[in-house]
Amino acid sequence: MKPQDPRGCRIINNAPIAAHVPRPGSSSYTATKHAITGLTRSTSLDGRPFDIACGQIDIGNAATEMTARMAGGVPQADGSMKPEPTMDVAAVADAVLYMAGLPLSANVQFMTVMATQMPFIGRG
């Protein structure tokens, strides 16, 4: 991307909110997702001279095949298993489109989009 002409582009990295707030028993998963945050920050810095913008979207409980099990309960910080709400993936698509549609003179560095009722704030 650095040598391209015309200059400039946007990179949007995708991470779950586990990059910031882990679930019990998820140290390997959380470590790899936390690495995405470091990659986003480094790419943002290294891309500046080349008009490369980099941001990250942290996604919480988008309704996919992978999150279908949440209806039956997932581990909570207090040791319990509780069902968690999900959100339509269209909300994630809308958020990514917003980030992608900005001019290169503006950047959303980090955005969290999540199911409103999911335990994120106060988790841990």
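Model, not experiment: these values are computed from the prediction.

**Overview of the side chain of Q76**
Secondary-structure assignment places Q76 in the loop between β3 (74-75) and β4 (81-82). On the basis of relative accessible area, Q76 is assigned to the buried category, the value being 8%. The contact partners of Q76, leaving out residues within four places of it in the chain, are R23, P24, K82, E84 and P119.

**Overview of the nonpolar core**
In this structure, I57, I59, M87, V92, M111 and V113 are the most contacted members of the largest nonpolar core, which totals 16 residues. Elements represented by at least two residues in this core include exactly β2 (52-60), α2 (89-101) and β5 (110-114). Tallying contributions element by element places α2 first for this core, with three residues. Residues contacting I57, with those up to four places away along its chain left out, are I12, N13, N14, A15, V92, A95, V96, M99, M111 and V113.

**Details of the pairing of strand β1 (residues 9-16)**
Looking at chain direction, β1 and β2 are connected through eight bridges and run parallel. Among the inter-strand pairings, P16 is bridged to a residue of β2, identified as I59.

**Description of unusual backbone geometry**
Between D5 and P6 the backbone carries a cis peptide bond, its omega angle lying at 10°. Structurally, P6 is set in the segment before β1.

**As for the pattern of salt bridges**
Any two side chains of opposite charge can pair, given that their charged atoms come close. Under the defined criterion, the tally for this structure stands at three salt bridges. Between R7 and D51 there is a salt bridge, with its nearest N and O atoms 3.4 Å apart. Here the residue R7 occupies a position in the segment before β1, and D51 occupies one in the loop between α1 (27-47) and β2, the gap between them amounting to 44 residues. Its relative accessible area of 41% is what places D51 among the partly exposed residues. A salt bridge links D78 to K82, with the shortest nitrogen-to-oxygen separation between them at 3.7 Å. Residue classification places D78 among the exposed residues on the basis of a relative accessible area of 58%. A relative accessible area of 40% places K82 in the partly exposed class.

Here is what the cut-offs are and how they apply
- Residues numbered from 1 in each chain as written.
- Predicted model: local features only at pLDDT ≥ 70, side-chain atom pairs only at ≥ 80, totals over all residues.
- Heavy atoms only, no water.
- Helix = DSSP H or I, 4+ residues; strand = E, 2+ residues; numbered from the N terminus.
- Buried < 20%, exposed > 50% of the residue type's maximum accessible area, 1.4 Å probe, protein only.
- Contact = heavy atoms within 4.5 Å.
- Core = buried A, V, L, I, M, F, W, Y, C linked by side-chain atoms within 4.5 Å.
- Pairing = 2+ DSSP bridges.
- Salt bridge = Lys/Arg side-chain N within 4 Å of Asp/Glu carboxyl O.

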